[in-house]
Amino acid sequence: QKEVEQDPGPLSVPEGAIVSLNCTYSNSAFQYFMWYRQYSRKGPELLMYTYSSGNKEDGRFTAQVDKSSKYISLFIRDSQPSDSATYLCAMDEYGNKLVFGAGTILRVKS
Amino acid sequence: GAVVSQHPSWVICKSGTSVKIECRSLDFQATTMFWYRQFPKQSLMLMATSNEGSKATYEQGVEKDKFLINHASLTLSTLTVTSAHPEDSSFYICSVDPGTSGSRAHNEQFFGPGTRLTVL
């Protein structure tokens, strides 16, 4: 079993839809949770960062962490074609060693 | 955030040759850089942690004699793929961690644009 599981998609939605991206994990020691966005042939860029459980909102993006269920989510409201990319979840116990999910390919159709 | 560059962005080489990939931190001094490998439709896998002035720390299963890492200055780390073979074809990405400072998140890594290696 992988430490971090993420549905690779692709997930195809119409413009303006609410997108829900998810990851599950097995290591209960993870404390830091991140979402990265990666465009084709580019390096990942950090979108959201959350410590421990709870919600965090930044513009159209909301990150949720449920440590009791070992489940994290990223919601994108009013999705735009420019949101089309691969979204990677990443986690860390403490110590500069990120563990990534496989990434979900998102396609927003105009 | 930190600006990270990689060179080259794309390289094709013959089997058995060596390839050097550079990772530069353009706007701050990085004592630690990370090297990842990403196969198509797969996740980023950490290969090694590069430490300025000391030996790199390799992840389990990564051959240190095949993937040579040199972090000779606070702004440059290099990854050399020695005697490359077709199975080494991948997307190699470096990242830097500026460290926790003020409002900056813990372990907020900034990634380079990646280098696509194709070994024929």
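Up top you'll find the structure we're talking about.
From a predicted model like this one, the values you see are computed outputs, not experimental measurements.

Among covalent bonds in proteins, the disulfide is the one between the sulfur atoms of two cysteines. A full pass over the atoms with the stated rule returns 2 disulfides over all chains. Cys23(A) shares a disulfide with Cys89(A); S-S distance 2.0 Å. Around the S-S axis, the bridge from Cys23(A) to Cys89(A) shows a dihedral of about -100 degrees and counts as left-handed. Taken together, the positions of Cys23(A) in strand 3 (residues 19-25) and Cys89(A) in strand 9 (residues 85-92) put the pair 66 residues apart, joining distant regions of the chain. Taking the relative accessible area as the measure of exposure, Cys89(A) reaches 0% and is therefore buried. The cysteine Cys13(B) is free of any disulfide, with Cys94(B) supplying the nearest cysteine sulfur at 19 Å. According to the relative accessible area criterion, Cys13(B) is buried, its value standing at 8%.

Residue and element names in this part refer to chain B. Structurally, Thr 80 can be placed in strand 8 (residues 76-81). Residues Thr 80 and Ser 43, 37 residues apart in the sequence, show an inter-C-alpha distance of 21 Å. Once you skip the residues sitting within four places of it in the chain, Thr 80 turns out to touch Ser 18, Val 19, Lys 20, Lys 66, Phe 67 and Leu 68.

A word on the nonpolar core. Trp35(B), Phe67(B), Leu79(B), Tyr92(B), Val96(B) and Leu117(B) are the most contacted members of the largest nonpolar core, which totals 25 residues. For this core, the secondary structure elements donating two or more residues are strand 2 (10-13), strand 3 (19-25), strand 4 (32-38), strand 5 (44-51), strand 7 (67-73), strand 8, strand 9 (90-96) and strand 11 (115-119) of chain B. Look past the residues within four positions of Leu117(B) in its chain and what remains in contact with it is Val11(B), Cys13(B), Val19(B), Val81(B), Asp88(B), Ser89(B), Ser90(B) and Tyr92(B). One finds Phe33(A), Leu47(A), Phe61(A) and Met91(A) within the second-largest nonpolar core, a separate group that totals 24 residues.

Okay, the pattern of salt bridges next. Residues and elements named next belong to chain A. Inspection of every chain in the model, using the stated rule, returns 6 salt bridges over all chains. The shortest N-O distance in the salt bridge between Arg 37 and Glu 45 comes to 3.2 Å. For Arg 37, a relative accessible area of 14% gives the class buried.

Here we come to unusual backbone geometry. At the junction of Gly9(A) and Pro10(A), the peptide bond is cis and its omega measures out at 10 degrees in the coordinates. Examined against the element boundaries, Pro10(A) turns out to sit in the loop between strand 1 (4-6) and strand 2 (11-14). Of note, Ser83(B) is a non-glycine position whose phi angle comes to about 45 degrees, a positive value. For Ser83(B), the position within the fold is in the loop between strand 8 and strand 9. Given the relative accessible area of 34%, Ser83(B) is considered partly exposed.

In this section: the pairing of strand 1 (residues 4-7) of chain B. Residue and element names in this part refer to chain B. On strand 1, burial follows the alternation: Val 4 and Gln 6 on one face are buried, whereas Ser 5 and His 7 on the facing-out side are not. Pairing of strand 1 with strand 3 involves 4 bridges; the strand directions are antiparallel. Paired with Ser 5 across the strands is Arg 24, a residue of strand 3.

The next point concerns the side chain of Thr78(B). Residues and elements named next belong to chain B. Residue position: Thr 78 is located in strand 8. Judged by its relative accessible area of 11%, Thr 78 is buried. Leave out the neighbours within four places in its chain, and Thr 78 touches Lys 20, Ile 21, Glu 22, Trp 35, Leu 68, Ile 69 and Asn 70.

One widely used convention gives an interface's size as the accessible area the parts lose upon coming together. Each side of the interface is counted separately: chain B has 20 residues, and chain A has 20 residues. Contact between chain B and chain A buries roughly 1,700 Å² in total, counting both sides, with carbon and sulfur atoms accounting for 56%. At the junction of chain B and chain A, the tally comes to 1 salt bridge. Linking chain B with chain A are 6 residue pairs in polar contact (both at pLDDT 80 or more), by the criterion used here. Looking at the side of chain B that touches chain A, the elements that each hand over two or more residues are strand 4, strand 5 and strand 9 of chain B. In terms of residues, the side of chain B that touches chain A owes the most to one element, strand 4 of chain B, which gives 3 residues. Taken together, the residues of the side of chain B that touches chain A break down into 9 nonpolar, 7 polar and 4 charged.

The rules behind these values
Residues numbered from 1 in each chain as written. Chains lettered and ligands numbered in written order. Predicted model: local features only at pLDDT ≥ 70, side-chain atom pairs only at ≥ 80, totals over all residues. Heavy atoms only, no water. Disulfide = S-S within 2.5 Å. Helix = DSSP H or I, 4+ residues; strand = E, 2+ residues; numbered from the N terminus. Buried < 20%, exposed > 50% of the residue type's maximum accessible area, 1.4 Å probe, protein only. Contact = heavy atoms within 4.5 Å. Core = buried A, V, L, I, M, F, W, Y, C linked by side-chain atoms within 4.5 Å. Salt bridge = Lys/Arg side-chain N within 4 Å of Asp/Glu carboxyl O. Pairing = 2+ DSSP bridges. Buried area = accessible area lost by both parts, 1.4 Å probe. Polar contact = N/O pair within 3.5 Å; in protein donor to acceptor, adjacent residues only side chain to side chain. Nonpolar A, V, L, I, M, F, W, Y, C, P; charged D, E, K, R; others polar.

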